[in-house]
Amino acid sequence: MAQARNTLIDPGSTPYYHCMARCVRQAYLCGENHLTGKNYEHRRQWVVDKLRELVSVFAIEVCAYAVMSNHYHVVLHINQSSARGWSRNEVLHRWTTLFAGPLLVQRHLAADKLGSAELARIDEYAEEYRRRLMDISWFMRCLNEHLAREANKEDQCKGRFWEGRFKSQALLDEAALLTCMTYVDLNPIRAGKVETPEESDYTSIQERVEQIEHSETKRQPLTLKPFCLQGQDTDVALPYLLHDYLELVDWSSRVVRTDKKGSIPSCTPPILERLDIDPDEWLKTMQWNNRFYRAVGRLEAMKAFALEVGQKWLRGLNACSRLYLTG
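Here is what the cut-offs are and how they apply
Residues numbered from 1 in each chain as written. Predicted model: local features only at pLDDT ≥ 70, side-chain atom pairs only at ≥ 80, totals over all residues. Heavy atoms only, no water. Buried < 20%, exposed > 50% of the residue type's maximum accessible area, 1.4 Å probe, protein only. Patch = residues over 30% accessible without salt bridge, like charges linked within 9 Å, V, L, I, M, F, W, Y side chains within 5 Å. Areas by Shrake-Rupley, 256 points an atom, 1.4 Å probe, with all protein chains shown as cover. Salt bridge = Lys/Arg side-chain N within 4 Å of Asp/Glu carboxyl O. Lys, Arg positive; Asp, Glu negative; His and termini not counted. Charge placed at Lys NZ, Arg CZ, Asp CG, Glu CD. Helix = DSSP H or I, 4+ residues; strand = E, 2+ residues; numbered from the N terminus. Pairing = 2+ DSSP bridges. Phe/Tyr/Trp six-rings, centres within 6.5 Å; stacked < 30°, edge-to-face > 60°. Lys NZ or Arg CZ within 6 Å of the ring centre and 35° of its normal. Contact = heavy atoms within 4.5 Å. Axes fitted to C-alpha atoms, helices over the stretch in contact; angles between N-to-C directions. Left-handed = near helix turned anticlockwise from the far one by under 90°. Nonpolar A, V, L, I, M, F, W, Y, C, P; charged D, E, K, R; others polar.

Caption draft 1: The arrangement of unusual backbone geometry in detail. The residue glutamine 156 is not glycine, and still its phi comes out positive at about 55°. Positive phi, close to 60°, is recorded for tyrosine 202, a residue that is not glycine. For tyrosine 202, a relative accessible area of 22% translates into the label partly exposed.

Okay, structure coming up:
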């Protein structure tokens, strides 16, 4: 049975979510339609550009993304502490970069003199917008509506572009976050489009690798949530070292490739050992993600999440107990 979105996305349970949107009837968002001969490859950049724009406005960070021919994946982080630190005017300025806002807000931003009752209403608007700016549903709405309008305009047609609302998975712990980020970055390899992660166009893994290769300071991409540096507070960065993550994605990609299916390298990346993740189950998960549905995490975290959202059972409990060896 379908559940309300506010029970599936709860920042109190976890700030990390894996989201996916697919085109209606698996129509082509991007890539080349071999039946009609039309090429939509340029639309991939639409997704990346809009993601970057929204990240600059929302208190939501992109951890990983992959833009495929008829769907896309994103792993998002809700940065509540950042949003709560914004002033009233900063919230209003951010919101009005996307929407015009009511006349009262426009007057306030134009420095018109307002009465006390009007200023109180401005405060109400600001708090409402603050909540929206750290709301994944609003983030995905802004992304999907923009893409649908642009694609329909280009195709000179009307109607639904997406098959439904976006799907989301709660990532309940560090191991789950690592699993979904790697799964997303390996999408083009799993689809047989490329052989190595750095060749995967319009993915976060390619963006991270290119930034390292072409930046003299080796800085990480500004529009992606950074990996932590040695000794850095993981509250402001992903809880892994970039080197460890790149090594894991590279190792996983060698097995996920169809010409290497079934062969398991002996040199397991240490990050799997540190997080108590079974290498064989990890590789199964990288090749087939229907093991989970609404949430991913260690067994105890999954059980706690099920209770919180009012469910007795969640798909993936058995897979979690095999994949994540502790907890």
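Structure's up, so let's keep going.
Caption draft 2: Spotlight on a negative patch on the surface. A cluster of acidic residues, Glu195, Glu198, Glu199, Asp201, Glu210 and Glu213, forms a negative patch on the protein surface. With respect to the secondary-structure elements, glutamate 210 resides in helix α10 (residues 204-214). Taking the relative accessible area as the measure of exposure, glutamate 210 reaches 37% and is therefore partly exposed.

Caption draft 3: How the structure looks around the pairing of strand β3 (residues 71-78). Most of β3 is tucked away: eight of the eight residues are buried. Burial along β3 is two-sided: His71, His73, Val75 and His77 facing one way and Tyr72, Val74, Leu76 and Ile78 facing the other are all buried. Pairing of strand β1 (residues 16-22) with β3 involves seven bridges; the strand directions are antiparallel. What sits directly across from methionine 20, in β3, is histidine 73. Summarising the sheet, strand β2 (residues 60-67) and β3 pair through seven bridges and their orientation is antiparallel.

Caption draft 4: View of the packing of aromatic side chains. Per the counting criterion, the structure on display carries 10 aromatic pairs. Between phenylalanine 227 and tyrosine 240, the ring centres sit 6.5 Å apart and the planes meet at 50°, which makes this aromatic pair tilted. With a gap of 13 residues between them, phenylalanine 227 in strand β5 (residues 227-228) and tyrosine 240 in strand β6 (residues 238-241) connect regions that are remote in the sequence. The exposure class of phenylalanine 227 is buried, given its relative accessible area of 0%. Residue tyrosine 240 is classed as buried on the basis of its relative accessible area of 4%. A connected cluster of aromatic rings, assembled from ring pairs, spans Trp95, Phe99, Tyr125, Tyr129 and Trp138. Above the ring of tyrosine 125, the side-chain terminus of arginine 121 is found at 3.9 Å from the ring centroid. Above the plane of the ring of tyrosine 183 lies arginine 190, whose end atom (NZ or CZ) is 3.7 Å from the centre.

Caption draft 5: Inspection of the environment of alanine 295 at higher detail. Following the sequence through the fold, alanine 295 ends up in strand β7 (residues 295-296). Between the C-alpha atom of alanine 295 and that of isoleucine 9, which follows or precedes it by 286 residues, the distance is 10.0 Å. Once residues lying within four places of it in the same chain are set aside, the contact partners of alanine 295 are Gln169, Ala170, Leu172, Met302, Phe305 and Leu314.

Caption draft 6: Looking closely at the pattern of salt bridges. One pass over the structure, following the stated rule, counts 20 salt bridges. A salt bridge links aspartate 123 to arginine 88; the shortest N-O distance between them is 2.9 Å. Here the residue aspartate 123 occupies a position in helix α6 (residues 116-132), and arginine 88 occupies one in helix α4 (residues 88-96), the gap between them amounting to 35 residues. Look at arginine 88 and you get partly exposed, because its relative accessible area is 29%. Here glutamate 145 and arginine 149 are joined by a salt bridge, their closest N and O atoms 3.5 Å apart. Linking glutamate 145 with arginine 149, this pair stays in helix α7 (residues 136-155), spanning four residues, or about one helical turn. A relative accessible area of 32% places glutamate 145 in the partly exposed class. A relative accessible area of 56% means that arginine 149 is categorised as exposed.

Caption draft 7: Here's a closer look at the packing of α4 against α6. Interhelical geometry of α4 versus α6 gives an angle of 60° and a closest axis separation of 9 Å. Our pair here, α4 against α6, has a crossing hand that is left-handed. In contact with Arg88, Val91, Leu92 and Trp95 of α4, α6 contributes Leu119, Ile122, Asp123, Ala126, Tyr129, Arg130 and Arg132. For the contact of α4 with α6, a count of residues per class yields seven nonpolar, no polar and four charged.

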